[in-house]
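Examining the three-dimensional arrangement
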Amino acid sequence: EPDRKTEVVLLACGSFNPITNMHLRLFELAKDYLHETGKYKVIKGIISPVGDAYKKKGLISANHRVTMAKLATKNSDWVEVDDWESCQSEWLETLKVLRYHHQKLLSADVTNSLQDAVPVAKLGRKRKQEPNRHEPVKKKNQSPVVKSVPQVKLLCGSDMLESFGVPNLWKLEDITEIVEKHGLVCISRAGNNVQKFIYESDILWRHKNNIHLVEEWITNDISSTKIRRALRRGQSIRYLVPEAVRAYIDRNRLYSPESEDRNAGLLLAPLQKHASDPRSSQ
Amino acid sequence: MRSRIPVILLACGSFNPTTNMHMRLFELARDHLHQTGRYQVIEGIMSPVSDKYGKKGLVSARHRVAMARLALETSDWIRVDPWESEQDTWTETVKVLRHHYNEALRAFQSKEFMRNKHPTESSTGDSLSCQQPVLPELKLLCGADFLQTFKTPNLWREEDIKEIVEKFGLVCISRAGSDPSQFIQESDLLSEFQHNIFLVREWIQNEISATQIRSALCRGLSVKYLIPDSVIAYIAQHNVYTAESERTNQGHLLQPLRLQNTTVNPLRD
């Protein structure tokens, strides 16, 4: 019964420097997994490249990274790119990006529901209601079942999950809200340490039902770092990234020893921020 | 300056279906040979095996060739050659090598003939032609698992392996974790010709086995970004992989094993 399933949007945050076939696979694996549980319906995938203010070594301009992601998702009917995060002048915590997309989803959902429920003649009066106030809105067909709230889940690899343990990288209360209010879909290679990592963390353990672990059997280690390395050495990256992305990188000569040196010696934005914030220690 | 030796890479296999990993093998091999400074890879050939191979789950060559063609649409140097798949019987790998080498030789000789007929054209040619023209070499491109099959009893004839490594050469791509050089050392035959066996390490792991792809397809799981979109569309359009197609040749012996068994039949000796 389609109405009983929870609608899910998968959000992937990261550098995407550049985007690779592996990033794109994460979405496919996550969607298949969630659908097979019978409880979820994945309605959208969002790629949100990080802003330049992240200051990661080798991070090239967000314009290029967003463009490449868009080229990569041209042939996808459900995964898209959102550049809101990359347009912010300061680095944003992942939780803030999750909240933003969640809010956006709720507003769209309420607007859709209002449009369904309101007869055209009464439109003027209904507009006085606060658009963001979320209350059950009865559909025209008077179904008594309230459609469950769509969820935005953070899609990631095991490296991101395990980065929760890096001192000063994440705020404890952020991690808590991510797993409690939103949820994680974590793709990892067979034989990884993710389950052990979750076991050793009280917060993650408490919310383990909201952490979906998906095992990837097809070893697919196409990291952006290796792609950039291959490019510096004049080696081919064909069939590891979408062809349109490869052509774009080639045309614009995006990656070089110089580009790899960008932000060298600088502290990563979250580390900078939390080091100066006395409340941040875990 | 000595000119580079032109090389053609030939990959034999089921290609059931062609995956991104198959195509990566070509790219890795080409990069490696170029970086030795001694070779210029001029062509890549994908040669899908004939239906007569008798492998479990092998779909019709018509489909496998069509899918390979679609996969290679964006490549300007790799092509699929259906010759092997069109033969009436299964063809030993060494025979496929010989066939393609003879074809390459003929093309080379006719080019030489034309060059000698019109000597003025050679001055505008590439670096290959400004020196003494060098005969092209044909090398077998494979993964490390292929190399390991040399020791499967009755799968290969000893003299075939010898001809492959002596006359042609191997370019063998292996995963970051494994190292086939030990396997080579343990074989007298392979050690003798190790100068003609090029080992290429694949550091970016990308082990997309066609078997896993077929399994995913049968379960209705996505294989997007593992094989080209055009191949996915073809498979859907023609309903190529099903539970039934997986049962093809079930219980049958592989053709090369079948052949070897008849030759060692004690009654015949």
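Parameters and conventions
- Residues numbered from 1 in each chain as written.
- Chains lettered and ligands numbered in written order.
- Predicted model: local features only at pLDDT ≥ 70, side-chain atom pairs only at ≥ 80, totals over all residues.
- Heavy atoms only, no water.
- Helix = DSSP H or I, 4+ residues; strand = E, 2+ residues; numbered from the N terminus.
- Buried < 20%, exposed > 50% of the residue type's maximum accessible area, 1.4 Å probe, protein only.
- Areas by Shrake-Rupley, 256 points an atom, 1.4 Å probe, with all protein chains shown as cover.
- Rg over C-alpha atoms; globule rule 2.2 N^0.38 Å.
- Contact = heavy atoms within 4.5 Å.
- Salt bridge = Lys/Arg side-chain N within 4 Å of Asp/Glu carboxyl O.
- Pairing = 2+ DSSP bridges.
- Axes fitted to C-alpha atoms, helices over the stretch in contact; angles between N-to-C directions.
- Expected span 1.5 Å × (residues − 1).
- Disulfide = S-S within 2.5 Å.
- Buried area = accessible area lost by both parts, 1.4 Å probe.
- Nonpolar A, V, L, I, M, F, W, Y, C, P; charged D, E, K, R; others polar.
- Polar contact = N/O pair within 3.5 Å; in protein donor to acceptor, adjacent residues only side chain to side chain.

Take the overall build of chain A next. Looking only at helices and strands, one finds 13 helices and 6 strands in chain A. Going through the 282 residues of chain A one by one, you find that 50% of them count as buried. Summing over all exposed atoms, chain A offers an accessible surface of approximately 15,100 Å²; the carbon and sulfur share of this is 48%.

Now for the overall build of chain B. Per the secondary structure count, chain B includes 13 helices and 6 strands. A globule of 269 residues ought to have a C-alpha radius of gyration of about 18 Å, and chain B, at 20 Å, matches this closely. Looking at chain B residue by residue over its 269 residues, the buried ones come to 50%. If you take every contact in chain B between residues at least 6 apart in sequence, the share linking residues at least 24 apart comes to 79%. For chain B, the exposed surface amounts to about 13,700 Å²; the carbon and sulfur share of it is 50%.

Now for the pattern of salt bridges. Residue and element names in this part refer to chain A. The final tally for this structure, using the stated rule, is 27 salt bridges over all chains. One salt bridge connects Glu260 with Arg228, and the closest N-O pair in it is separated by 2.9 Å. Separated by 32 residues along the polypeptide, Glu260 in helix H12 (residues 257-260) and Arg228 in helix H10 (residues 224-232) bring together distant segments of the chain. Among the charged side chains, a salt-bridge network with shared partners connects Glu93, Lys96, Lys171 and Lys273.

Below, the discussion takes up the sheet that holds strand E3 (residues 79-81) of chain A. All names here are of chain A. A sheet is described by the order of its strands in space; here 6 strands give the open sequence E3-E2-E1-E4-E5-E6, paired in parallel fashion. One side of each edge strand has no neighbouring strand; the edge strands of this open sheet are E3 and strand E6 (211-216). Strand-to-strand twist in this sheet, taken as the mean axis angle between neighbours without regard to direction, amounts to 25°. Note: strand E5 (residues 184-189) against E6, 6 bridges, orientation parallel. Following the sheet pairing, Leu184 is matched in E6 by Ile211. Taken strand by strand, helix H7 (residues 172-182) contacts strand E4 (151-157), E5 and E6, and its axis lies near 125° from that of E4.

Residue and element names in this part refer to chain B. For helix H1 (residues 20-35), with 16 residues, the first-to-last C-alpha span of 23 Å sits near the 22 Å given by 1.5 Å per residue. All buried positions along H1 are accounted for by Asn20, His22, Met23, Arg24, Leu25, Phe26, Glu27, Leu28, Ala29, Asp31 and Leu33. One or two steps after H1, the chain reaches Gly37, where phi turns positive at roughly 85°.

A few words now on the state of the cysteines. Applying the stated criterion across every chain, the model contains 0 disulfides over all chains. Unpaired in this structure, Cys13 of chain A has its nearest cysteine sulfur neighbour in Cys156 of chain A, at a distance of 9.7 Å. The thiol sulfur of Cys12 of chain B is not disulfide-bonded, and the nearest other cysteine sulfur, from Cys142 of chain B, lies at 9.7 Å.

With that settled, consider the interface of chain B and chain A. The partner chain A presents 24 residues to the 25 residues of chain B that form the contact. Summing the contributions of chain B and of chain A, the shared interface buries around 2,400 Å²; its carbon and sulfur component is 51%. Taken together, the links from chain B to chain A amount to 0 salt bridges. In terms of residue count, the dominant contributor to the side of chain B that touches chain A is H1 of chain B (6 residues). For the side of chain B that touches chain A, the per-class residue count stands at 9 nonpolar, 9 polar and 7 charged.

A few words now on the environment of Arg25 of chain A. You can see Arg25 of chain A is positioned in helix H1 (residues 21-36). Overall, the relative accessible area of 5% leaves Arg25 of chain A in the buried class. Along the sequence, Arg25 of chain A and Arg233 of chain A sit 208 residues apart, while their C-alpha atoms lie 26 Å from each other. Among residues more than four places away in sequence, those in contact with Arg25 of chain A are Asn220 of chain A together with Ser222, Val223, Lys224, Tyr225 and Leu226 of chain B. Polar contacts involving the side chain of Arg25 of chain A include one to the main-chain carbonyl oxygen of Ser222 of chain B, which spans 3.0 Å.

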